[in-house]
Structures are given as structure tokens and as C-alpha cells.
Amino acid sequence: MATLECVTKAYGRLVVHDSVSLTIRRGERWCVMGKNGAGKSTLLKMVAGVLPPDSGTVRLGASLKIGYFAQQALDLLDPDLTIEEQLQADFPHESIGVLKSLAGAFQFSGDEIDKKIRALSGGEKTRLVMARMLLEPPNFLVLDEPTNHLDLTTKEMLLDALRDFDGTMLFVSHDREFLRGLSNRVLELGGESGTDTQPREYPGSYVEYVARTGHEAPGVHR
Ligand SMILES: Nc1ncnc2c1ncn2[C@@H]1O[C@H](COP(=O)(O)OP(=O)(O)O)[C@@H](O)[C@H]1O
Ligand SMILES: [Mg+2]
């Protein structure tokens, strides 16, 4: 689905990735671990195609349809639109009934879809962004800390939706349930020491990673 070959990325003199290679195959669900500043978001941006590497190549499968979620996506919503207007702008060919049931599936009931986006909480905005992303499901999800603003109920809902997703995933999360419930591969930036130049790949799930290393990854919480 995606191949990184000798990818190097620096911001000025700060080298974030130094000749990193990774192959992501169909059906794999990689969680990307690493301490703050390790380069998780940078890696996801390069895979999602919003940030070019300085050198090396990022190759994506021909039939790939990427859905990319980043925290910045919340700021790209038009604050002057209502939820309904935003969905109509995104999906002009869908009936209002379809859009209402999409909104309903993401817990926006009845007249809530008349709320202006500027009045939404971070959790509500996250739900709206996820709803837009999943109406026409991508086959490759790239998710950067999707649970940050979510309350417990919404988190469970999103977790259920993503469990049913049968495509490929590359995601960053500090949420233990997300990591345990979704990953079948682990990429540890900075390696085991946290400071290695090369990431370390675990061929199993986060659950197996914890069993093998004997500890949760740093910064992981419920
Ligand atoms: N646009 C940017 N300009 C300069 N430095 C950046 C930029 N984006 C990220 N960085 C720096 O690069 C490093 C990796 O950032 P990031 O990929 O966001 O890490 P993570 O998501 O693992 O916390 C951090 O030290 C961060 O401060
Ligand atoms: Mg980040």
C-alpha cells in the first residue's frame, strides 16, 4: 500500500528522520510510537502526501484512497457553516436524508446539525471531520491522535467504527484501548532506547509489544 525508501527529513538543522525505510502492506494496521518530538506527525504527513521528504521516496499503491486525519483538520472547517451546510458542501450529490443519517451515526441528533461550526467543541469537530472522512470510506487511514478531544462515549464509537474498517491503517495514539484494539503492527520511532536513528518494527500487535517488552509504551494512558 505504501513504501518508504531511505526517507530523510529535517527542519533546518534538526534531522527528524534519517534514511528511514518502511513497507506497509494491505490489511496492516501500524501504530507509530515514540516520545514527543520523535517525528510521528512528520512521518504521517509524508505518507499522506502533505509534506515531501528531503530525500528518498514515498510510494503509494495505485488504488490507494487515503483518509488523513490531523489535528489541524479541525481548523480547516469553515466556522460560518452549520454542520448540515458543511456536509452539503462536501457531498453535494447526496440527499439531505443521507447526510442527516451520517450526522446521526456520528451522534449529531435532530437540530444539532443546525449548529454553527464555530460553536462546536473539539470533540464535536472531531466527530464532524471523521463523519466527512468515512462517508466515502478510504482504504488507507492515516490518523494522527484522533482521540485527543473525544469523550469516552465518542471514543468507544470511533473505536467500534475503526474495528470494522477492513482497510490499512497508520496511526498515532496514546490511548491504550485504541492501541490494543486496532494495531497489528508497531513502529517505534527512536527504537527501543528512544534515541536510535532507526525506528524499530514489531511484527505483532501493540498487545504483543507490551507482552514482549514488559511495559506499556511511554506516554500511553487509558
Ligand atoms: N514545521 C516545522 N518546523 C520546524 N520544526 C518542526 C516543524 N514540525 C515539526 N518540527 C519539529 O520536528 C520534531 C518532530 O515533530 P513531530 O513530527 O511533530 O513529532 P511528534 O508528532 O512525534 O511529536 C519536533 O522537534 C518538532 O518540534
Ligand atoms: Mg505529533
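Residues numbered from 1 in each chain as written. Chains lettered and ligands numbered in written order. Predicted model: local features only at pLDDT ≥ 70, side-chain atom pairs only at ≥ 80, totals over all residues. Heavy atoms only, no water.

A.B. asks: Looking at this structure, how should I read the sheet that holds strand S3 (residues 29-33)?
C.D. replies: Strand pairing in a sheet takes place through backbone hydrogen bonds and is either antiparallel or parallel in direction. Reading across the sheet, the six strands line up as S5-S6-S7-S3-S8-S9 and stay open at both edges, with mixed pairing between neighbours. Among the strands making up the open sheet, the edge pair consists of strand S5 (66-69) and strand S9 (200-202). Between one strand and the next, the sheet's axes are offset by a mean angle of 15 degrees, whatever the strand orientation. Helix H4 (residues 122-135) contacts S5 and strand S6 (140-144) of the sheet and is inclined by roughly 175 degrees relative to S5. (Pairing = 2+ DSSP bridges. Helix = DSSP H or I, 4+ residues; strand = E, 2+ residues; numbered from the N terminus. Axes fitted to C-alpha atoms, helices over the stretch in contact; angles between N-to-C directions. Contact = heavy atoms within 4.5 Å.)

A.B. asks: So what exactly am I meant to see when it comes to the packing of helix H2 (residues 83-90) against helix H3 (residues 96-105) here?
C.D. replies: What describes two packed helices is the angle between their axes and the distance between those same axes. It is at 10 Å that the axes of H2 and H3 come closest, and there the two elements cross at 120 degrees. Relative to H3, H2 is oriented oblique. In terms of crossing hand, the pair formed by H2 and H3 is right-handed. Facing H2, whose interface residues are Glu-84, Leu-87 and Gln-88, H3 presents Ile-96, Leu-99, Lys-100, Leu-102 and Ala-103. Taken together, the residues of the contact of H2 with H3 break down into five nonpolar, one polar and two charged. (Parallel < 35°, antiparallel > 145°, perpendicular 65-115°, else oblique. Left-handed = near helix turned anticlockwise from the far one by under 90°. Nonpolar A, V, L, I, M, F, W, Y, C, P; charged D, E, K, R; others polar.)

A.B. asks: Looking at this model, I keep getting lost on the pairing of S6. Mind explaining?
C.D. replies: Two faces, one strand: in a regular strand the side chains alternate between the faces of the sheet. Taking burial as the measure, the five residues of S6 include five buried ones, the bulk of the element. By the bridge criterion, four bridges tie S5 to S6 in an arrangement that is parallel. What sits directly across from Tyr-68, in S6, is Val-142. Between the parallel pair S6 and strand S7 (residues 168-172), the chain is carried across by helix H5 (residues 152-164), and the sense of this crossover is right-handed. (Buried < 20%, exposed > 50% of the residue type's maximum accessible area, 1.4 Å probe, protein only. Right-handed = clockwise from strand over helix to strand, strands pointing away.)

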